[in-house]
Every structure is written in structure tokens, then in C-alpha cells.
Amino acid sequence: MRIGKISLVVGFVGIGLMVASSCQADLEIHILDVGQGDCTLIISPTGGTFLFDAGWNGKGDGVVCPYLDDLGLTALDYIGCSHYHADHIGGIDEVINYLGIDSIRVAVLDRGWSYTTATYDDYAAAAAPKRQTILDGQVIDLGGGVTVTCVAVNGNGQLSPPYDDTYNENDLCVALLVEYGEFDFFVAGDLSGVNSSYYHDIETSVAAEVGDIEIYRVDHHGSASNSNVNLVSTLQPEVSIISVGDNSYGHPTQTVIDRLVAYGTYIYQTELGSGGTIPSGHGEVVNGHILIRVNGGQYVVNGDVYSLGSSGIARSDDALKLRIFPNPFEACVHFESNLRQPDALEVAIYTVEGRLVQLIEPSTGRTGTAIMTWDGRTRGGGEVSPGIYIIRLSDDSHVISRKIVKR
Ligand SMILES: [Zn+2]
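Parameters at a glance
Counting restarts for each chain: residues are numbered from 1 in the order of the written sequence. At least 70 in pLDDT is required for a residue's local features to be given in this predicted model, at least 80 for side-chain atom pairs to be given and counted, and no such filter applies to totals for whole chains, interfaces and linings, which use all residues. For the side-chain quantities, the full set of heavy atoms in the structure was used; hydrogens and water were omitted. Numbering of helices and strands runs from the N terminus; a helix is a DSSP stretch of H or I covering at least four residues, while a strand is a stretch of E covering at least two. Only protein chains enter the accessibility calculation, which uses a 1.4 Å probe; a residue is then buried when its area is under 20% of its type maximum, exposed when over 50%, and partly exposed in between. In this description, contact between two residues means that some pair of their heavy atoms is separated by no more than 4.5 Å. Pairing of aromatic rings covers Phe, Tyr and the six-membered ring of Trp, with a centre-to-centre limit of 6.5 Å; geometry is then stacked below 30 degrees between planes, edge-to-face above 60, and tilted otherwise. Each metal's donors comprise the N, O and S atoms found within 2.8 Å of it (within 3.2 Å for Na, K or Ca). Water is not part of the atom list, so some coordination spheres may appear incomplete. Site shape is set this way: if four donors have all angles between 85 and 135 degrees, tetrahedral; if opposite donors are over 155 degrees apart and all others between 65 and 115, square planar for four donors and octahedral for six; otherwise irregular. For helices, the fitted axis covers only the stretch in contact; all axes are lines through C-alpha atoms, and the angles between them, taken along N-to-C directions, range from 0 to 180 degrees. Here roughly perpendicular refers to angles of 65 to 115 degrees, roughly parallel to angles under 35, roughly antiparallel to angles over 145, and oblique to all remaining angles. Crossing handedness is read from the near helix: turned anticlockwise from the far helix by less than a right angle, it gives a left-handed crossing, and turned clockwise, a right-handed one. When residues are grouped by polarity, Ala, Val, Leu, Ile, Met, Phe, Trp, Tyr, Cys and Pro land in nonpolar, Asp, Glu, Lys and Arg in charged, and all others, Gly among them, in polar. The pairing criterion is simple: DSSP has to find at least two bridges between the two strands. Every residue carries a pLDDT, the predictor's confidence in it, which falls somewhere between 0 and 100. Here a salt bridge means any side-chain nitrogen of Lys or Arg lying within 4 Å of a carboxyl oxygen belonging to Asp or Glu. Residues adjacent in sequence count toward polar contacts only when both atoms are side-chain atoms; beyond that, a polar contact is any pair of N or O atoms within 3.5 Å, and within protein one must be able to donate a hydrogen and the other to accept it. In this text, buried Ala, Val, Leu, Ile, Met, Phe, Trp, Tyr and Cys residues form a nonpolar core when linked through side-chain atoms within 4.5 Å.

J.: Sorry, what's going on with the overall build of the protein here?
T.: Looking only at helices and strands, the protein features 9 helices and 25 strands. Of all 407 residues assigned to the protein, the portion counted as buried reaches 58%. Taking the intrachain contacts of the protein between residues at least 6 apart in sequence as the baseline, contacts between residues at least 24 apart amount to 62%.

J.: Teacher, can you tell me more about the packing of aromatic side chains here?
T.: How two aromatic rings sit relative to each other is set out by the distance from centre to centre and by the angle between their planes. Within this structure, the stated rule accounts for 14 aromatic pairs. Here Phe-50 and Phe-52 contribute two aromatic rings whose centre-to-centre distance is 6.2 Å and whose plane-to-plane angle is 70°, an arrangement assigned as edge-to-face. Like Phe-52, Phe-50 is buried. Among the aromatic residues, ring-to-ring pairing joins Phe-50, Phe-52 and Tyr-78 into one connected group.

J.: Help me understand the coordination of the zinc ion, please; the structure alone is not making it clear to me.
T.: Ideal geometry at a metal gives 109.5 degrees between four tetrahedral donors and either 90 or 180 degrees between six octahedral ones. Donor atoms from the polypeptide that bind the zinc ion are Asp-87 (OD), His-88 (NE2), Asp-190 (OD) and His-221 (NE2), placed at 2.1 to 2.2 Å. If you look at the zinc ion, its 4 donor atoms make angles of 88 to 142° with each other, and the shape they trace is irregular. Look at where the donors of the zinc ion fall in the sequence and you get D-H-x101-D-x30-H. Taken together, the positions of Asp-87 in helix 4 (residues 86-89) and Asp-190 in the loop between strand 10 (183-187) and helix 7 (203-210) put the pair 103 residues apart, joining distant regions of the chain. According to the relative accessible area criterion, Asp-87 is buried, its value standing at 10%.

J.: Sorry, what's going on with the packing of helix 5 (residues 92-99) against helix 6 (residues 118-127) here?
T.: Describing two packed helices takes the angle between their axes plus the distance from one axis to the other. The geometry of helix 5 relative to helix 6 is characterised by a closest axis approach of 8 Å and an angle of 30° between their N-to-C directions. Put simply, helix 5 runs roughly parallel to helix 6. Crossing of helix 5 over helix 6 shows left-handed handedness. Contacts between helix 5 and helix 6 involve Ile-92, Asp-93, Ile-96 and Asn-97 from the first element and Asp-122, Tyr-123, Ala-126 and Ala-127 from the second. Across the contact of helix 5 with helix 6, the residue classes tally to 5 nonpolar, 1 polar and 2 charged.

J.: What is the right way to read the pairing of strand 21 (residues 356-360) from this model?
T.: Regular strands have side chains that alternate between both faces of the sheet. Here strand 20 (residues 346-351) pairs with strand 21 via 4 bridges, running antiparallel. In the sheet register, Val-347 faces strand 21, and the bridge partner there is Ile-360. Turn length for the strand 20-strand 21 hairpin, with the two strands adjacent in sequence and antiparallel, is 4 residues, and the turn residue Gly-354 shows positive phi of about 100°.

J.: Help me understand the confidence of the model for the protein, please; the structure alone is not making it clear to me.
T.: Per-residue pLDDT for the protein averages 89, and the proportion of residues at 70 or more is 90%. For the stretch residues 1-23, pLDDT sits under 50, and the model shows 33 contacts to residues farther than four places along the chain or on other chains. Overall, residues 310-317 carries pLDDT values under 50, and its contacts beyond four positions in sequence, including any with other chains, amount to 19 contacts.

J.: Help me understand the pattern of salt bridges in this model?
T.: Opposite charge on two side chains lets them pair, provided their charged atoms get close. In this structure the tally under the stated criterion is 10 salt bridges. Salt-bridge contacts for Asp-77 lead to Arg-105; the nearest nitrogen and oxygen are separated by 2.9 Å. Linking Asp-77 in strand 4 (residues 76-80) with Arg-105 in strand 5 (residues 104-110), this pair joins segments that are 28 residues apart in sequence. With its nearest N and O atoms 3.6 Å apart, the salt bridge here joins Arg-402 to Glu-179. Here Glu-179 lies in strand 9 (residues 175-180) and Arg-402 lies in strand 25 (residues 399-406), a separation of 223 residues in the sequence. Taken together, the shared-partner salt bridges in this structure form one network comprising Asp-26, Glu-28 and Arg-293.

J.: In this structure, what is going on with the side chain of His-251? I would like to understand it.
T.: Counting through the fold element by element, His-251 comes out in the loop between strand 12 (239-242) and helix 9 (254-262). Taking relative accessible area as the criterion, His-251 reaches 4% and is therefore assigned buried. Looking at His-251, its side chain comes within polar contact range of the side chain of Gln-36, at 3.2 Å. Excluding its chain neighbours within four sequence positions, the residues that come into contact with His-251 are Gln-36, His-220, His-221, Gly-222, Ser-223, Val-244, Gly-273, Ser-274 and Gly-275.

J.: Which parts of the structure should I look at to understand the sheet that holds strand 25?
T.: With antiparallel pairing, 4 strands are arranged side by side in an open sheet as 21-20-24-25. Across the chains shown, the open sheet's two edge strands, defined by having one partner strand only, are strand 21 and strand 25. On average, each strand axis in the sheet is tilted by 25° relative to the strand beside it, whichever way the strands run. Pairing of strand 24 (residues 387-394) with strand 25 involves 8 bridges; the strand directions are antiparallel. Residue pairing in the sheet places Arg-392 in a bridge with Ser-401 of strand 25.

J.: Explanation requested: the nonpolar core in the structure shown.
T.: As a rule of thumb, soluble globular proteins bury nonpolar side chains together. With 34 residues, the main nonpolar core has Phe-50, Phe-183 and Ile-292 as its most contacted residues. Discounting residues that sit within four places of it in the chain, Phe-183 has contacts with Leu-27, Ile-29, Val-178, Glu-214, Ile-215, Ile-292, Val-294, Tyr-299 and Leu-308.

J.: Which parts of the structure should I look at to understand the packing of helix 3 (residues 59-71) against helix 5?
T.: Packing of helix 3 against helix 5 leaves a shortest axis separation of 8 Å and a crossing angle of 50°. By the angle between their directions, the pair helix 3 and helix 5 is classed as oblique. Handedness of the helix 3/helix 5 crossing: right-handed. Residue-level contacts link Lys-59, Gly-60, Asp-61, Val-64, Cys-65, Leu-68 and Asp-69 of helix 3 to Glu-94, Val-95, Tyr-98 and Leu-99 of helix 5. For the contact of helix 3 with helix 5, the residue count by class is 6 nonpolar, 1 polar and 4 charged.

So, in C-alpha cells, the structure goes:
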């Protein structure tokens, strides 16, 4: 049933019949053990690749490049960096220099602006020919039904430019939502979750956009400044993954471990770290890389099988879903949603300030699917200015808000 739904979705954008067979392949998400740092490799069923972060200086040459060799990957479609701290971008220039910049097929994506460290300078020099600033709301099609959506960058609209050393780097993180059918994976580097003299709470606003997911790549290695209650209670992940190594910060903290467990998650941790302990039966320290495979109605984490929509407290089958394509758009943008309560479905476009721009009438597609189009015009008929808009989709019990970018 899910395979049928996915083929409807992709069939609409015109790459139709390949899809039924490509759904037999897996989406793979590799969480590389880079010690105290982050590195995530996404491979779509059709072989589209996105490397997000690459650990500290030395971890590119020492861990990531040999890992790519083992997978037979001599090129990548995208490299992305969550933010400019060395435990995330340190290894990226090593990967670029190892593969060769021409082997980065599409782009090296980051939050733009700059940062004042030698590690950043190395990164910027290596990435320069392919470097692009990721847009808030941008949807990247990795092929085979996998999309990667930027759900936050540079403070998610809550912070004013310039986005430089004025702010803690963690506030400015790029947050990504990876979607494949009913499966959702969220990764956001070290995205801040508290308001303090160092940080701004960005997690809370991002959580409202993301909603219920399956797997959460835990923000900031399990720091107590992150994974706030709003985020965890909204995402309700069945599985949480903590990337951590020996550190002087007490990561992962017992506070965050206990909070995740309280919301019913099972934790996989790359290394022991220097902080809290996972309660017995609620997770494990893998001491190595963590592999996620998603296929049809299930996903597998290091050999453990999880059923989509039937496990834990977050039931994906109940969730209202929204796909947006293309995003950014020029002439018109399409929305596709599952129809849970057809009569109650409401779709509205707002400015980021909350002013209503347009109401969209759903046209019922095949069974269980609604397809909608916005031509970028206001209720008065005028064309909107380029910029970010919010689509708000709701029925009697669910609300989804996402950003749309008009070029
Ligand atoms: Zn970090």
C-alpha cells in the first residue's frame, strides 16, 4: 500500500514507472563514527548521495574517505555542512581534496556568511568552486523518492543578520528533514534549544515545522542546551542517534538521555562519550558506525527492525503528510497531501509575518491523495514578491507548516 502511494507521488512529477521498482531498493543513512563530531551520509535508492558534515580535522582522511572507498563511492552529488564548528567541517576539505572538486557533482551547501578560524578557511578554500548557500525551505531531490528539505538556516527567521560571530554558531545551524515515503529523519548539527547568554532557542520553532518523525540525529552530541522538551515531544522519534566521542563537555548528558527515553525512544550511540548512561533496555552504545536502511513498510537500524507506523507512540499512518515541489519555485508550486479527513482539509499561504496571502482549494487526486497548485498569486490576483512564504495545511487534528521559496 505504501509503495503504491509513493509511486503516485513521484508519478505526478513525471518519472513514473521506474518508481515501483526503485522502491524495492533501500534508502541508506550512514552515521559515521567520527568520535566527538558528526558525519551523516545519505544514499537514495537510485544512488543519489549527500554527505552532511565530516567530523574534526583528520577524520576526513582517517575515517570518511576510507569509508567512501569501501562503498565504492568516487563521487558525491552533494556535500553539506551544518555549521562552521571544527567537529563538523574539519574533515570536509579533506574529502573534497581526496575526491577532487569535479567529483562533487552538484554543490557544497552551507549557511553562507563566514567564520574566523583556520579550519573554516581550509573548508572555504576547498569548497569555493562548488559552494552554494542553502535556502530556507529548499527541497533537494536525491532521486528514488527521497527528498532533503532545509527546515532552518541562520536562526530560522528569528535572528537578524549579519549571521557572523555575533551569534553562537550553533544558533545558525542548517537543519535537514530527509523524507522517503512515510519515513522521516531529522538532522541539525548542534542546533540550539535554550535561551541563555550564549544561545537562542531555535529548536522550538523548527519542531513545529517538522512534526512527527521516525529517527532523530540528536542535536549537539546530547548537550543539555539542546533537544529541548518542545522538540522531543513534537518529533516523538522512535529512534534517536547520538554521535559522540571522548569529550570534556559531559556529552551526552543524562538530562537529554532521560528526556529522550521518557518520550519512548530507543537510543543508539556511536561511542561511550563522557557523560550520562542509557538506562538498561532503552538503547545501546554501538562503538562504531550506525547504518539505517529504509525499505517499504520498515526500517532497520544496525540490524534491529522497526515497522513504519505501528511501533512506539508516534504512529506515522496517522500523520498528515505534505510534499512540496519544486521548491524554490518560479511559476508555480505543487503540494501533495494524504487525505485523512478530506472535508476538513484546509490549505492557506501566509507571509512570514503571518498575513494571509491565498487559500488553496484541494483537488482530489486518486484515492487518498490531494494535489494542489499555487501560481504565486495573491487573493487579489497580483504576483507575490520573491521571498519566503509559509504553507499551512490542517485538518481537525493536525497542522503542518512549511516554508516555500518564491524566486
Ligand atoms: Zn558539534
